[in-house]
Amino acid sequence: MTIYYSLTFMLLAAEMIAFCFLVFPLPHNVRKPVFRFLSESPIVAKAAYALKISFIFVGILFADALQRMFRVTAESELAKQNGANHASNIQVENSIAARKFYSQRNTYLTGFTLFLSLVLTRVFYLTLDLIHVQEEYKKLKDTSSSTKSNGSANEVAELKAKVAELNKKERDFETLKKQAAQQAAEFDRLATKYNEVTGASSNKRTD
């Protein structure tokens, strides 16, 4: 395997490790700072830019490997059509089979590297969206809880005001009852005194 295909294989292995890390079920408290660092760090941004350039070269290698695979496949079909059972033809067929294998291997290697890069990018941004949605849900939940608590506090304050007003009315009613009782007692006293006075004067006139 040539150097650039070896580097492509190393890149594919790194992508597989990164994909396992992305899909690993990390807790939200751990996932949030990690993905925030990956999305906001300038060092990661520079590394991502370098990876984009490397994927351009991988795309060129994929196109070249695909072209070679088609060409070797066509040569293999032509050799089968001309098929003779001489030793030289066997060597040619072995050579064509080896070239076909290498071209297919390079095609699959570069193709899977490009495909996995797209999958990693999509999974990364989906995870960022998921974290954002979880944060928004948490904020809404906290807001609704505070609103409910404020509403409960307002209801309690209204109930306390109503109870205080009822207590005030009850005190006023008790005061009126006392005043009415006092006035009734005073009226009875005055009536009794008046009766005594008028009764005494009438007795004197009779005598």
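Here the residue numbering is sequential within each chain, running from 1 through the sequence in written order. Owing to the predicted nature of the model, reporting of local features is limited to residues with pLDDT of at least 70; listing and counting of side-chain atom pairs is limited to 80 or more, with chain, interface and lining totals taken over all residues. Hydrogens and water molecules were not included; the side-chain quantities draw on all heavy atoms of the structure.

**As for the packing of aromatic side chains**
Here is step 1 of the chain: Between 30 and 60 degrees the pair is tilted, below 30 it is stacked and above 60 it is edge-to-face, where a pair is any two Phe, Tyr or Trp rings, Trp via its six-membered ring, whose centres lie within 6.5 Å. This model, assessed by the stated rule, comprises two aromatic pairs.
Here is step 2 of the chain: Relative to Y125, the ring of F124 lies with its centre 5.5 Å away and its plane at 75 degrees, an arrangement referred to as edge-to-face.
Here is step 3 of the chain: Note on Y125: relative accessible area 47%, which makes it partly exposed. The buried label applies to any residue whose accessible area, calculated with a 1.4 Å probe on protein chains only, is under 20% of its type's maximum; exposed applies above 50%, and partly exposed to all values in between.

**Topic: the nonpolar core**
Here is step 1 of the chain: Judged by nonpolar contacts, Y5, L12, L22, F35, L61, A65, L109, L116, L120, V123, F124 and I131 together constitute the single largest core of 12 residues.
Here is step 2 of the chain: In this description a helix means any DSSP run of H or I spanning at least four residues, a strand means any run of E spanning at least two, and both kinds are numbered starting from the N terminus. Counting residues per element, the ones that place at least two in this core are α1 (3–23), α3 (42–81) and α4 (87–206).
Here is step 3 of the chain: With six residues, the top contributor of residues to this core is α4.
Here is step 4 of the chain: Between two residues, a contact is recorded if the distance between any of their heavy atoms is within 4.5 Å. When sequence neighbours within four positions are dropped, the list of residues in contact with L22 reads R31, F35, L120, V123 and F124. Take the buried Ala, Val, Leu, Ile, Met, Phe, Trp, Tyr and Cys residues and link them wherever side-chain atoms come within 4.5 Å; each set so joined is a nonpolar core.

**Overview of the environment of R68**
Here is step 1 of the chain: Turning to its location among the elements, R68 is positioned in helix α3.
Here is step 2 of the chain: Overall, R68 belongs to the partly exposed group, its relative accessible area being 40%.
Here is step 3 of the chain: Placed 32 residues apart in sequence, R68 and K100 show a C-alpha to C-alpha distance of 8.3 Å.

**Considering α1**
Here is step 1 of the chain: Helix span, expected: 1.5 Å multiplied by one less than the number of residues in the helix. Taking 1.5 Å per residue, 21 residues should reach 30 Å; α1 reaches 30 Å between its end C-alpha atoms and fits that length.
Here is step 2 of the chain: Among the residues of α1, Y5, T8, L11, L12, E15 and L22 are the ones counted as buried. Down the axis of α1, the buried side of the element spans an arc of 105 degrees, and every buried residue falls inside it. Those residues of α1 that are exposed and angled more than 90 degrees off the buried face are I3, L7, M10 and I17. In this description, the arc belongs to the directions extending from the helix axis to the C-beta atoms.

**What to know about the layout of surface pockets**
Here is step 1 of the chain: Lining residues are those with an atom within 4 Å of a point, where the points come from a 1 Å grid over the protein atoms alone and group into cavities, where a 1.4 Å probe fits but cannot get out, or pockets, open sets with protein on both sides within 12 Å along at least five of seven lines. Grid points are joined across faces, edges and corners, and a volume is the space filled by probe spheres set on the points. Here the largest pocket is characterised by a volume of approximately 860 Å³.
Here is step 2 of the chain: In terms of lining, the largest pocket is formed by 22 residues, of which the most central are V44, A48, L51, T121 and F124.
Here is step 3 of the chain: When residues of the lining of the largest pocket are assigned to their parent elements, the largest contribution, eight residues, is made by α3.
Here is step 4 of the chain: Asp, Glu, Lys and Arg are counted as charged, while Ala, Val, Leu, Ile, Met, Phe, Trp, Tyr, Cys and Pro are counted as nonpolar; the rest, among them Gly, fall into the polar class. For the lining of the largest pocket, the residue count by class is 17 nonpolar, three polar and two charged.
Here is step 5 of the chain: Within this model, the second largest pocket holds a volume of roughly 160 Å³.
Here is step 6 of the chain: Looking at the second largest pocket, the residues that line it are K32, F35, R36, S39, E40, L128, I131, H132, E135, E136 and K139.
Here is step 7 of the chain: At six residues, the largest contribution of residues to the lining of the second largest pocket is made by α4.

**Some words on the confidence of the model for the protein**
Here is step 1 of the chain: The pLDDT score gives, residue by residue, the confidence of the prediction method on a 0 to 100 scale. Summarising the model, the protein shows a mean pLDDT of 77, and 78% of its residues fall at 70 or more.
Here is step 2 of the chain: When mean pLDDT is compared element by element in the protein, α1 scores highest at 85, while α4 scores lowest at 74.
Here is step 3 of the chain: Confidence over residues 200–207 falls short of pLDDT 50; this stretch has zero contacts with residues more than four positions distant or in other chains.

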